[in-house]
Amino acid sequence: MSRLPALIGRRLWQLLPIIIFATFVVFSLLQLVPGDPAVTLAGDYASKERIEEIRKLYGLDQPLIVQYGVWLLHAVKGDLGKSLLSSAPVIELIAQRLPNTILIATYSLIIATLIGVPLGVLAATRVGSRIDTLVTSVASLGVALPSFWLAIILVANLSLGLHLFPATGAKPLLVDPKGALLSATLPAVALAVGVIAELARQVRSALIEVLSSQHYRTLRAKGLSPMSMLWKHGLRNVSVTLLTLLGLQVNRLFSGAVVIEAVFAIPGAGSLVAYSAINKDFPVVQGVVLVLVVIVIAVNLAVDIFNALLDPRAASS
Amino acid sequence: MTKKDMNMIDRRDVMKGTAAVAGALLMPATGWAQAAKRGGTLRVAIPYNPGAIDPMTGRNLTDFDTLYAIFDGLIDFDPKTLDLKPCLAKSWKFSDPKTLVLELVDGVKFHDGTAFDSEVVKFNLDRYKSDPRSNVKADLSTLDSVEVNSPTQVTLKLNRPNAGMPNILTNRVGLMVSPKSIKDAPGGNIDRTAIGTGPFKFVSWQDNDALSVVRNQDYWRKGLPYLDGINFKIINELNTAVRAVVAGEADLAINLQPAQKAVADRSPSVIATASPSLVLFGAFLNYGKPPLDNLKVRQALNHAINRDEINKISAVGLGQPSSAILPKEHWACDAANQNFYKYDPEKAKRLLAEAGHPNGLEIETYGWADQLAMQRQEVIISQLAKVGVKIKLTPLAPQQAVQAYMVEKKGSMFISPSSAYPDPSQLYEALFGKTALRNPSGIELPGFRELLDATMEAQEQDKRKAAFVKLQQFVTEQALQLVQYISPAVSVHSPKVKNHVDSLLSVPKFTETWIDA
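What you see is a predicted model; the values in this text were computed from it and never measured.

> Tell me about the overall build of chain B, residues and numbers included.
Looking only at helices and strands, chain B features 15 helices and 19 strands. Its C-alpha atoms give chain B a radius of gyration of 23 Å, within 12% of the compact-globule value 24 Å for 517 residues. Principal axes of the C-alpha set define a box for chain B whose edges measure 70 × 60 × 45 Å. Intrachain contacts of chain B at a sequence separation of at least 6 include 71% that bridge at least 24 residues. As displayed, chain B offers around 18700 Å² of accessible surface, 53% of which is attributable to carbon and sulfur atoms. Counting 60 positive and 56 negative side-chain charges, chain B places the centres of these two groups 2 Å from one another.

Below is the structure:
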């Protein structure tokens with residue numbers, strides 16, 4: 001337990017170089033993609049002279065390293081700049097949109113955990129049975145189903161057909177909790193299906209491994225009840241795998257949100273970064289990447305802490 | 001043009017302007033007043049985030065989804081015919097081909113309470129013409145200076161004749177912004193907080209999410225607007241926008257594609273409309289370098305494509321197959337030119353052989369990478385392949401394709417739509433002018449400039465039309481573009497939305513729209 005502060009300290013130290021590295025890589029990749037934001041800014045009415053003027057006006061004629069350096073210098077002072085396309089402060093854009101993405105991702109993760117883990121346990125404890133076959137087959141299907149297709153099917157039936165859920169949009173959770181959860185349900189379900197499948201498969205195989213271990217066989221020989229063995233020894237041993245897996249799923253949910261937000265017209269961070277990347281609005285892309293890197297690192301840190309609590313050996317590794 | 005001609009024009013213009021004023025004033029009291037209901041907030045799904053709500057720094061046609069709600073133009077236009085109508089300028093006349101005099105409406109106030117007058121017009125036009133951030137300088141390239149004659153009269157001095165100037169004043173550079181709002185804003189940047197004299201006041205804008213406006217209670221056109229406000233919901237995915245209307249979460253979705261009409265037609269709870277627009281689907285040709293510097297090759301391409309088939313596949317048959325760049329509904333269009341190039345693969349092969357390509361040729365081409373564009377491009381590629389033209393296509397995101405073809409001058413052809421312009425002279429200049437971005441050849445074919453200048457020198461509309469017909473003929477005969485079809489403007493709305501008109505320019509106005517609650 002005493003190693004926990006050291007673990008947190010290590011992770012925090014890693015944060016700075018990772019942020020610099022990630023934002024620089026994203027910035028460089030944006031520059032590698034053909035296209036010039038000045039062309040977008042000049043718009044439908046552009047002339048060649050106007051494009052040149054815009055390049056100078058926005059500093060786009062500066063060397064890449066200078067552009068990145070200027071951005072980083074301002075970011076260190078807490079100023080993430082303004083969108084090239086709409087002049088909106090980047091920090092404001094992120095503050096408006098990130099909560100919607102976090103809500104969908106969290107909601108989705110909860111649904112996936114509540115369904116995926118029991119399915120995995122059910123299949124692992126009945127290996128070779130019809131239930132196992134059914135769970136593994138459904139899980140394979142869940143992994144293969146494209147979330148956008150599922151989203152459209154859900155909207156067509158549950159929104160346009162039965163009018164149970166809104167077809168588009170998002171509501172702020174703090175202002176209208178019921179409306180926010182209703183709006184987020186279909187996107188969360190569409191996103192959750194893949195995660196449910198992944199969790200069920202991974203929990204199943206991890207649990208099968210534990211259940212067939214010598215240690216577990218010894219416990220059974222000692223006459224412990226099957227339920228007690230499953231809860232105290234089986235699931236506890238699987239929990240480290242499960243936590244790591246959930247941490248990885250957070251990244252998956254954030255990337256999956258890009259498509260789902262488009263289908264449901266949700267103003268989230270996913271659609272923001274996709275729109276900005278296509279239009280090479282680099283201050284916005286950099287800002288969102290910065291925040292997402294912090295979130296991913298924070299989630300990984302939380303996973304490490306929980307793992308250390310469940311398995312003290314993890315803190316020293 | 002003789003002085004007598006000019007005097008006749010003046011009288012006609014004044015008469016036309018007066019009649020239009022009377023019409024505009026009467027309209028709320030007659031046409032819709034019987035049925036129009038006041039109140040309600042219209043929920044409109046639009047596909048693109050505005051570039052800015054400052055008319056000067058916005059950049060895309062779709063910015064107008066919100067601009068005309070907040071701003072009035074100096075001159076207004078009929079959405080279906082583009083005939084000019086009075087607005088903040090109650091009348092206008094050319095006292096000579098280089099002098100345009102505007103008489104302004106008195107007593108108009110901006111949303112911030114400041115007065116609109118001739119000084120405001122001068123301030124705005126000077127700003128549009130010279131501000132470093134202005135994206136619309138080209139619109140005022142023929143404007144030399146603005147003279148304030150009285151609080152309600154200004155004179156625009158032009159550096160060369162430009163009969164299209166009144167049309168241009170219906171667009172961005174004619175939209176009047178409160179000078180106080182600009183002076184009060186840090187750095188004069190009003191990209192997100194602009195203040196106009198329009199029927200609605202700006203309230204808020206969440207990027208790529210929503211923009212809302214509320215009724216201007218002191219609007220100078222009494223009795224208007226009918227709506228209490230408009231909530232624009234920005235939905236990039238067009239099918240999602242249609243679903244929002246079907247689900248009752250939006251009242252109207254605009255700027256859709258023909259395919260969405262087909263989808264919406266299946267739902268009995270909504271009305272889908274397709275009407276003519278100026279948005280053109282074609283391919284830009286670089287006629288400054290081989291192989292498209294050869295007229296016969298360009299003509300062969302025009303004979304090789306089956307426009308009806310492209311229209312049926314790409315626009316669900318709702319577009320207007322054409323080899324000319326204007327729709328037949330436009331006042332400057334000669335419909336005869338629309339069928340100038342008939343589908344004739346044999347003739348195309350003959351022309352290619354005469355041009356020295358009996359075994360066909362390969363053309364390096366850029367295009368858009370989205371699904372609809374790919375579908376259209378594949379049809380064109382297969383049609384051209386039948387006459388031996390192999391298209392080497394590089395599909396890219398629109399901005400990247402523009403960069404490659406127009407800025408870096410790569411390739412010889414770029415399959416892309418073109419935007420609409422209030423005056424056709426602007427469209428011809430933007431497509432074929434020597435310094436036009438869309439003309440990477442950097443050349444103007446002999447005769448083009450004289451014909452374009454003639455359209456700006458002719459004053460009466462019928463004379464302008466004659467000049468445009470000659471220009472259109474020249475552009476079509478020279479096959480300067482591979483026009484495929486003119487796109488329809490498609491929208492979907494709830495039956496309770498009344499008097500929404502899809503304009504030829506694809507720019508909506510909500511002043512007289514109302515909700516039958």
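> How would you sum up the overall build of chain A? Please name residues and give values.
A count of helical and extended segments in chain A gives 13 helices and zero strands. Its helices and strands taken in sequence order, chain A reads α-α-α-α-α-α-α-α-α-α-α-α-α from the N to the C terminus. Principal-axis analysis of the C-alpha atoms places the extent of chain A at approximately 85 × 55 × 35 Å. The buried share of chain A, reckoned over its 317 residues, is 47%. Of the contacts made within chain A by residues no fewer than 6 positions apart, 73% connect residues no fewer than 24 positions apart. By element, 71% of the accessible surface of chain A is carried by carbon and sulfur atoms, the whole surface being about 15500 Å². Of the side chains in chain A, 24 bear a positive and 16 a negative charge, and the two mean positions are spaced by 16 Å.

> I'd like a rundown of the packing of helix α8 (residues 177–211) of chain A against helix α10 (residues 226–263) of chain A, residues and numbers included.
Residues and elements named next belong to chain A. In contact at an axis separation of 9 Å, α8 and α10 are set at 150 degrees when each is read in the N-to-C sense. Comparing the axis directions of α8 and α10 gives the class roughly antiparallel. Both α8 and α10 take part in a crossing whose hand is right-handed.

> Tell me about the packing of aromatic side chains, and please be specific about residues and values.
Enumeration according to the criterion identifies 17 aromatic pairs over all chains in this entry. Between Tyr68(A) and Trp71(A) the ring centres are 5.9 Å apart and the planes differ by 35 degrees, which places this aromatic pair in the tilted class. Here Tyr68(A) pairs with Trp71(A), and both are found in helix α4 (residues 64–76), just three residues apart, close to one helical turn. The pair formed by Tyr68(A) and Trp71(A) is uniform in burial state, with each residue classed as buried. Ring pairs connect the aromatic residues Phe24(A), Phe27(A), Tyr68(A), Trp71(A) and Phe282(A), which therefore count as one cluster. Lys509(B) extends its terminal NZ or CZ atom over the ring of Tyr68(B), reaching a point 4.4 Å from the ring centre.

> I'd love a proper account of the environment of Glu512(B), names of residues and values included.
Residue and element names in this part refer to chain B. With respect to the helices and strands, the residue Glu512 is situated in the loop between β18 (497–498) and β19 (514–515). Judged by its relative accessible area of 15%, Glu512 is buried. In this structure, the C-alpha to C-alpha distance between Glu512 and Gly223, residues 289 residues apart in sequence, is 9.7 Å. Of note is the side chain of Glu512, whose polar atom sits 3.2 Å from the side chain of Arg221.

> Tell me what's going on with the domain arrangement of chain B, and back it up with residues and numbers.
Residue and element names in this part refer to chain B. Each assigned domain of chain B is listed with its residue range as follows: domain 1 (31–69 + 198–270 + 494–515), domain 2 (75–186) and domain 3 (278–487). Tallying the contact residues gives 16 residues for domain 2 and 14 residues for domain 3. For the pair domain 2 and domain 3, the two sides together bury roughly 1100 Å², of which 51% comes from carbon and sulfur. Linking domain 2 with domain 3 are one salt bridge, by the criterion used here. The closest approach of N and O atoms between Arg160 and Asp453, which form a salt bridge, is 3.5 Å. Applying the counting rule to domain 2 against domain 3 returns three residue pairs in polar contact (both at pLDDT 80 or more). When its residues are assigned to classes, the side of domain 2 that touches domain 3 shows six nonpolar, seven polar and three charged.

> How would you explain unusual backbone geometry if you had to name every residue and give the values?
All names here are of chain B. With an omega of -5 degrees, the peptide bond between Leu224 and Pro225 qualifies as cis. If you trace the backbone, Pro225 turns up in the loop between β9 (210–215) and β10 (229–234). Looking along the chain, the bond that leaves Pro290 and enters Pro291 is cis, with omega of 0 degrees. If you trace the backbone, Pro291 turns up in the loop between β12 (271–285) and α8 (295–304). Phi is positive for Asn255, which is not a glycine, with a value near 60 degrees. With respect to the helices and strands, Asn255 occurs in strand β11 (residues 252–256). Relative accessible area serves as the criterion here: at 22%, Asn255 is assigned to the partly exposed category. Although it is not a glycine, Asn499 adopts a positive phi angle of roughly 60 degrees.

> Talk me through the interface of chain B and chain A; I want residue IDs and the actual numbers.
The parts lose accessible area when they come together, and the size of an interface is often stated as this lost area. Chain B puts 44 residues into the contact, and the matching count from chain A is 44 residues. Each partner contributes to the roughly 3700 Å² buried at the junction of chain B and chain A, and carbon and sulfur atoms together form 49% of this total. Taken as a group, Arg59(B), Arg243(B) and Gln399(B) account for 20% of the area that chain B buries against chain A, more than any other trio of residues on that side. At the boundary of chain B and chain A, one finds one salt bridge. Note that Lys137(B) and Glu53(A) form a salt bridge whose closest N and O atoms lie 2.9 Å from each other. Applying the counting rule to chain B against chain A returns 10 residue pairs in polar contact (both at pLDDT 80 or more). Elements supplying a minimum of two residues to the side of chain B that touches chain A: β8 (200–206), α6 (238–246) and α12 (398–407) of chain B. For the side of chain B that touches chain A, the leading source of residues is α12(B), giving five residues. Class assignment for the residues of the side of chain B that touches chain A results in 13 nonpolar, 16 polar and 15 charged.

> Explain helix α3 (residues 118–130) of chain B residue by residue, including any values.
Residues and elements named next belong to chain B. In a regular helix each residue adds 1.5 Å, so 13 residues correspond to 18 Å; α3 covers 18 Å between its end C-alpha atoms and thus fits that length. Among the residues making up α3, those that are buried are Ser118, Val120, Val121, Asn124, Leu125, Arg127 and Tyr128. Here the buried face of α3 lies against β5 (99–104), β6 (143–150), β7 (153–158) and α5 (179–184). Capping the start of α3, Asp117 holds a side-chain oxygen 3.1 Å from the backbone nitrogen of Glu119, two or three residues further along.

> Go over the environment of Val173(B), please, and point to the residues and values.
All names here are of chain B. Looking at the element boundaries, Val173 is found in the loop between α4 (165–168) and α5. For Val173 and Asp126, which are 47 residues apart along the polypeptide, the C-alpha to C-alpha distance reads 9.9 Å. In contact with Val173, other than residues within four places in its own chain, are Leu125, Tyr128, Val136, Asp139, Leu140 and Ile168.

> Could you give an account of the pairing of strand β17 (residues 485–493) of chain B, with specific residues and numbers?
Residue and element names in this part refer to chain B. Taking burial as the measure, the nine residues of β17 include nine buried ones, the bulk of the element. The sheet contact formed by β11 and β17 spans three bridges and is antiparallel. Bridging from a neighbouring strand, Leu252 pairs with His493 of β17. Bridge count between strand β13 (residues 320–321) and β17: two bridges; the pairing is antiparallel. Along β17, the bridge assignment pairs Pro321 with Tyr485.

> Describe a nonpolar patch on the surface, listing the residues and the values that go with them.
A contiguous nonpolar surface patch, about 420 Å² in accessible area, is contributed by Phe148(A), Trp149(A), Ile152(A), Ile153(A) and Val259(A). Looking at the nonpolar patch, the element that brings in the most residues is helix α7 (residues 147–161) of chain A, giving four residues.

> If you had to explain the side chain of Asn306(B) to someone new, which residues and values would you point to?
Locating Asn306(B) in the fold gives a position in the loop between α8 and α9 (307–314). The exposure class assigned to Asn306(B) is buried, which follows from its relative accessible area of 18%.

What counts and what doesn't
- Along each chain, the written sequence defines residue order, and numbers are assigned to residues from 1.
- Starting at A for chains and at 1 for ligands, labels are handed out in the order in which the entities are written.
- Confidence filtering applies because this is a predicted model: local features only for residues at pLDDT of at least 70, side-chain atom pairs given and counted only at 80 or more, and all residues used for totals across whole chains, interfaces and linings.
- To obtain the side-chain values, all non-hydrogen atoms of the structure were used and water was disregarded.
- Per the convention used, a helix needs a DSSP run of H or I reaching at least four residues, while a strand needs a run of E reaching at least two, with both numbered from the N terminus.
- For the radius of gyration, the atom set is restricted to C-alpha positions; the globular benchmark scales as 2.2 Å times the number of residues to the power 0.38.
- Contact definition: two residues touch when any of their heavy atoms are within 4.5 Å.
- In this description, accessible areas are obtained by the Shrake-Rupley approach with a 1.4 Å probe, and a residue is regarded as covered only by the protein chains that are shown.
- The charged-residue count follows a simple rule in which Lys and Arg add positive charge and Asp and Glu add negative charge, with His and chain termini not counted at all.
- For the purpose of locating charges, the reference atoms are NZ of Lys, CZ of Arg, CG of Asp and CD of Glu.
- Throughout, exposure labels follow a simple rule: accessible area from a 1.4 Å probe, protein chains only, divided by the maximum for the residue type, with under 20% read as buried, over 50% as exposed, and the rest as partly exposed.
- Note on method: axes are straight lines fitted to C-alpha atoms, helices fitted across the in-contact stretch only, with angles between N-to-C directions ranging 0 to 180 degrees.
- Should an angle fall under 35 degrees it is taken as roughly parallel, and over 145 as roughly antiparallel, whereas 65 to 115 is taken as roughly perpendicular and any remaining angle as oblique.
- Handedness of a helix crossing follows the sense of rotation of the near helix relative to the far helix, less than a right angle counterclockwise being left-handed and clockwise being right-handed.
- The aromatic pairing rule takes the rings of Phe, Tyr and Trp, using the six-membered ring of Trp, and pairs them if the centres are within 6.5 Å, calling planes under 30 degrees apart stacked, those over 60 edge-to-face and the rest tilted.
- Lysine and arginine charges are scored as sitting over a ring when NZ or CZ, respectively, is within 6 Å of the ring centre and within 35 degrees of the ring normal.
- A 3.5 Å cut-off defines polar contacts: any pair of N or O atoms within that distance qualifies, except that in protein one atom must be a possible hydrogen donor and the other a possible acceptor, and neighbouring residues in sequence count only when both atoms are side-chain atoms.
- What counts as a domain boundary in this text is fixed by an automatic or database domain assignment.
- Summed over both partners, buried area is the accessible surface (1.4 Å probe) that two parts give up on being assembled.
- One speaks of a salt bridge when a side-chain nitrogen belonging to Lys or Arg is within 4 Å of a carboxyl oxygen belonging to Asp or Glu.
- For this classification, Asp, Glu, Lys and Arg are treated as charged, while Ala, Val, Leu, Ile, Met, Phe, Trp, Tyr, Cys and Pro are nonpolar and the rest, including Gly, are polar.
- By this rule the span expected of a helix is its residue count minus one, scaled by 1.5 Å.
- When DSSP finds two or more bridges between two strands, those strands count as paired.
- The patches reported here contain residues having more than 30% relative accessible area and no salt bridge. Joining distances are 9 Å for like charges and 5 Å for nonpolar side chains (Val, Leu, Ile, Met, Phe, Trp, Tyr).

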